[in-house]
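Spelled out from the first residue to the last, the chains are:
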Amino acid sequence: MSETQEPSELLRLRREKLAAWRSRGIDPFGGAFPDTTSIAEILTNFAEGRKARLAGRLLSIREMGKSLFAHLQDASGRMQIYANLQSVGDRFADLKLLDLGDIVGVEGDCFQTKTGEKTLRVRHFDLLSKSLRPLPSKWHGLHDVEARYRQRYLDLVANPEVREIFHQRIRIVREIRRFLEERGFLEVETPMMQPIPGGAAATPFSTFHEALGIPLYLRIAPELYLKQLLVGGFERIFELNRNFRNEGLSRKHNPEFTMLEAYWAYADFPRMAELLESLICHLAEKVCGGLRLSSPTGAFPSIDLTPPWPRKSFADCLREATGKDWFSLGAEERRRLAEELGVELLPNAEEIDVTRHTFEKLVEARTAGPLFVTHLPTELVPLARQNREDPSVVDVFELIIGGQEVAPGYSELNDPIVQRERLEHQAGEERQKLDEDFLVALEHGMPPAGGIGLGIDRLVMLLTGSESIRDVIFFPLLRPKEAP
RNA sequence: GGGCAGGUAGCUCAACGGCAGAGCAGGUGCCUUUUAAGCACUUGGUUCAGGGUUCGAAUCCCUGCCUGCCCA
């Protein structure tokens, strides 16, 4: 709202009511209102005549002459309140100055209306915060997608299903921490600002440290630091926090996103697959109430997480998808085959990217899963251990659920000489930066270890049936609206 | 970056070349167990912005901004 413009009548009237409260000697932005009970608790342990104090936001008001019904919403739910001339006496007139959206504290006793609704008869009330702007429609909620993301608080007030998704997200994150801690993993924190952004292939955000006079980058992955902690003697660690990638926005991408990485010394990738399988099943049962998920995009009928989940090699997947023994074909044959099967390729795509895109399009996108795809080509995964029998593949898995890559898991590469070569001779789009400090650490000896990464936002999308990453991040990045 | 769809009252949406409307919210009045309360009356618009076509534009055209979806 620009300063010079005449405020709308709606806003003007609310400010007039604000002044009316003040003229009655009441601060419309009141102080504390302690010792309240949650609405959920009162409704659960409801008793006729029970005394209670509640605080929350007014979501509806039904005036009826000398009495009034309203609904109050707090963090735990909503409850009807009732007041009449007898119950609040002189202050009944003040009730007329309340608006939808006002935050009030009430005190009174419980009763049931003749239709059976559990209700609080108000004996005393305080205005705790005057709302100067109207709430979204009380039964349509807030549909405007842009407003929902830009003013998430309105989305949360008006749309209960949105609140529920974020509660689920909170439970998922909490359960991940508990699950790992119960198994002896320690949560650690490593740098978010790194001199060399390593551990993944992505464009970083850059910043600058004035005192040292050096550029720094927001991390694209914590991997190289977590491995240094393995070198230092930590054996089971995880980090569950934000990564940053300076890339486009989409249904599946937000520039900052939450990632779990866990490392387990002396374990290997099959062990990590078991850990991940039991973690995700645990989350589904704990948070979604079962192992059957609906596919968020609607691309698959439903997803059954009942373990054990199948394991299949990358080569076998491609053989089934293309009908040919992919890796025995020449580069030209692969490209031709991929294009015949509808994979779009850039003319200058490197060989490994032809394989990668073919896999993504013909296997990943079509797999409802869950499926552990194992033994990816070595060039695709520079930080994983090569297979003993076949050094052209690495001892890793890629977990696919709902047509999406959900989590990678590795037998980590701990040979410093091979690691250096692999980082120096990378090809294709997944090229990573060389971090000398990391290589020196490996030279001091890193125990063999298994590692996993789990994108939390996409996991939450999957477990809550959300179609967009913006529905599981409170404040997704949007282009800022220009000031008028 | 490309394609498609969209942006109208606080909210949810109509009107699609001919008076800018409805429901809810808001205001006034009536109403002491209502609950999408009810009844009566009623306020509220830079139709995203700018330009063009036209007797006349929310509507058609162009440019820009923002959003969503699909593709890269």
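Okay, so let's go over this structure. (Residues numbered from 1 in each chain as written. Chains lettered and ligands numbered in written order. Predicted model: local features only at pLDDT ≥ 70, side-chain atom pairs only at ≥ 80, totals over all residues. Heavy atoms only, no water.)

### Here we look at the environment of glutamate 175
- Locating glutamate 175 in the fold gives a position in helix α7 (residues 160-182).
- In this structure, the C-alpha to C-alpha distance between glutamate 175 and histidine 282, residues 107 residues apart in sequence, is 8.4 Å.
- Those residues in contact with glutamate 175 that sit more than four places away from it in its chain are His282, Leu283 and Lys286. (Helix = DSSP H or I, 4+ residues; strand = E, 2+ residues; numbered from the N terminus. Contact = heavy atoms within 4.5 Å.)

### Quick word on the sheet that holds strand β9 (residues 214-218)
- Spatially, β7-β9-β8 is the arrangement adopted by the three strands of the open sheet, whose pairing is antiparallel. Where the open sheet ends on each side, the last strands, each with one partner, are β7 (193-194) and β8 (206-209).
- In terms of strand pairing, β8 meets β9 through four bridges, oriented antiparallel. Within β9, the position partnered with threonine 207 by the bridge is leucine 216. (Pairing = 2+ DSSP bridges.)

### Things to note about the packing of aromatic side chains
- Tallied over the entire structure, the rule returns nine aromatic pairs.
- Ring centres 4.6 Å apart and planes at 45 degrees place the aromatic pair phenylalanine 69 and tyrosine 82 in the tilted group. Of this pair, phenylalanine 69 sits in strand β2 (residues 67-74) while tyrosine 82 sits in strand β3 (residues 77-84), and the two are 13 residues apart along the sequence.
- A relative accessible area of 17% means that phenylalanine 69 is categorised as buried.
- The buried category is assigned to tyrosine 82, whose relative accessible area is 14%.
- With a centroid separation of 4.8 Å and 80 degrees between ring planes, the pair formed by phenylalanine 372 and phenylalanine 397 is classed as edge-to-face. (Phe/Tyr/Trp six-rings, centres within 6.5 Å; stacked < 30°, edge-to-face > 60°. Buried < 20%, exposed > 50% of the residue type's maximum accessible area, 1.4 Å probe, protein only.)

Keep in mind these numbers describe shape, not what the thing actually does.
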